[in-house]
Amino acid sequence: MSRQMGDSHRRFLQTMMANGIVDEQGARTLYQYCCETHNTQHAPDKLDDFIDAINSNLQPMFMQIRKGMSEDNGHQFYALVNMTETVVTRMSSDYADNELELFRKTMDLIVVSENGTASSTDVLNSADTLTTKKLKKSETEHLLNRLVHDKWLCENRGEYTLSTRCIIEMEPYIRAMYQEQIKVCHICHNIAFQCQICENSTCGIKIHNPCVARYFKGRAEPRCPACEDFWPHEIPEVRRPQSQSRR
Amino acid sequence: MSQRKRLSNTQSSSQSKRQSGASAAQEENDDTTFTQPSTSQVQRGMQKLTPAQVDQKTAEVVQYFLVKDQKKIPVRRADLVKHVVKEYRTIYPEIMKRASRTFDQVFGLKMIEIDAKNHMYILINKLEPGDGASPIKSPTNPKMGLLFVILSVIFMKGGVVRENLIWNTLKKLRVDPGEKHEEFGDIKKVVADEFVRQRYLEYVRIPHTEPVEHEFRWGQRADVEISKTKILEFMGQLHEQDPQSWSQQYREAHSVSGSTQPGSSSR
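Keep in mind that what you see is a predicted model, and the values were worked out from it rather than measured.

1. Some remarks on helix 9 (residues 187-197) of chain B
Residues and elements named next belong to chain B. Those residues of helix 9 not exposed but buried are Ile187, Val190, Val191, Ala192 and Phe195. Here the buried residues of helix 9 occupy an arc of 160° about the axis, which is enough to place them on one side. Elements in contact with the buried residues of helix 9: helix 7 (143-156), helix 8 (163-172), strand 5 (180-181), strand 6 (185-186), strand 7 (201-205) and strand 8 (214-218). Remark: Arg199 follows helix 9 within two positions and exhibits a positive phi of approximately 70°.

2. Quick word on the sheet that holds strand 7 of chain B
Residues and elements named next belong to chain B. Across the sheet, three strands lie side by side as 4-8-7; this open sheet has antiparallel pairing. Edge positions in the sheet fall to strand 4 (160-162) and strand 7, since each has one partner strand and no second. Across the sheet, the axes of successive neighbouring strands diverge by a mean angle of 25°, strand direction being ignored. When strand 7 meets strand 8, the two strands line up antiparallel, connected through five bridges. Bridge pairing in strand 8 links Leu201 to Trp218. With respect to the sheet, helix 7 is in contact with strand 4, strand 7 and strand 8, its orientation differing from that of strand 8 by roughly 100°. The sheet strands contacting helix 9 are strand 7 and strand 8, and the helix crosses strand 7 at an angle near 120°.

3. Observations concerning the pattern of salt bridges
Residues and elements named next belong to chain B. Using the criterion set out here, one finds 23 salt bridges over all chains in the structure. Here Lys126 ties to Asp104 by a salt bridge, and the two come within 2.5 Å at their closest N and O atoms. On the criterion of sequence distance, the pair formed by Lys126 in the loop between strand 3 (120-125) and helix 7 and Asp104 in helix 6 (residues 92-107) is long-range, its members being 22 residues apart. Classification of Lys126 by relative accessible area gives partly exposed; the value is 42%.

4. As for the domain arrangement of chain B
All names here are of chain B. According to the domain assignment, chain B consists of domain 1 (34-125) and domain 2 (135-257). Using only C-alpha atoms to locate each centre, domain 1 and domain 2 end up separated by 31 Å. The partner domain 2 presents eight residues to the 12 residues of domain 1 that form the contact. Each partner contributes to the roughly 860 Å² buried at the junction of domain 1 and domain 2, and carbon and sulfur atoms together form 57% of this total. For the pair domain 1 and domain 2, the number of links is one salt bridge. Here Arg199 ties to Asp115 by a salt bridge, and the two come within 3.2 Å at their closest N and O atoms.

Conventions used here
- Residues numbered from 1 in each chain as written.
- Chains lettered and ligands numbered in written order.
- Predicted model: local features only at pLDDT ≥ 70, side-chain atom pairs only at ≥ 80, totals over all residues.
- Heavy atoms only, no water.
- Buried < 20%, exposed > 50% of the residue type's maximum accessible area, 1.4 Å probe, protein only.
- Helix = DSSP H or I, 4+ residues; strand = E, 2+ residues; numbered from the N terminus.
- Arc of directions from axis to C-beta.
- Contact = heavy atoms within 4.5 Å.
- Pairing = 2+ DSSP bridges.
- Axes fitted to C-alpha atoms, helices over the stretch in contact; angles between N-to-C directions.
- Salt bridge = Lys/Arg side-chain N within 4 Å of Asp/Glu carboxyl O.
- Domains from an automatic or database assignment.
- Buried area = accessible area lost by both parts, 1.4 Å probe.

Next up, the structure:
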């Protein structure tokens, strides 16, 4: 049953629609701002409840505000996602057929890779194998920039990864399409792209970098949570969400 | 994804059709094949369908509107019926009623018909801008600044201007229509094509001119979305002048009936 929405919910939703994704800290301050703007009660610990009310109304439209973790820094994010494939989606209106095909090929490369990245060289090479309409090198580069700008991909020194928003939105699709290749984090059980892998060949579990940081924090000798073998990778530091500067 | 692809196909073909403009007559024909069903037809149609089917179709219509709204392209009834409503056309009025209610109650948007002859619909924001700045900065479209300047010029010049006045004004602001602009690209295309398709501007040929000349007016979307009061306030600040000193414009800005007066300048 859908719950009653007020203007504070609608303003929150409009901001989510304009941005696609907002980090947890941003969502908290936005929640407060929306409540203050419309003189409704604001309870700092009720953000998820507030979002549930919006979601109960979005459900008939196959849309949802979903929470997920960034593989980069381990922070929580909220993304507005589209759960349907039967109707027009955001992407199909913004990208041509061959551009979507290249995006899918990039996703293929990222999913089968060890470390959840695809190099720009590999993406450019796969542009030659498009079946719809070939893309020139410059067109592919331009498209990659657009995909980064629209927050579907992230780029770091010529290496492309799936953005947090893309992973949150595409998770059901990726799970269905790549059943065999998919890797799941041993700690949080969500899909893992950028992760560390246990080097014991009979074990081989994967853990997100931020989950590694949290799990091994304060442990003298890191051991694999599954097979107890020594964990040979460098343990990253836990990255705290930047608290708002108060001056 | 294959579904997405197919839909994007139908969409792009309808868009290119509109761009060419040559098949406008044929498009009108598309629409005449659709006649608004009567109340009793709708009732009979509803009886043949399950509530879940009606909900599903309503959701598709809502999504279609939201996608079009991202580019500020008005929705034509003919396109909507042909690409989305399809075999549910007998209950079209009921689906539109429900979609409209969803925009109102869930999204804080209002669906309005801006062109009763060609049956074009747009969404406008019902929420006023908040007092303080939102903590989350939504990406803004830089072209809206360009549009605001053009609408201001037209409004201050009494509602209609020759195109040369617009091009010269922009040139003075270092937005030369003859050159490719870093941010906006082809200026003439943005102003005389994109803004026109979005119905922010009307661009009409002046009859019996040689060489051919055009004039600009406010489009139907601008009428319902852009506040003339806000434009006058902006002009007042720019010229350090009391908005009331432009008496004719001031009267017009404040004479529009309350129901159609846009509250917020734009989203």
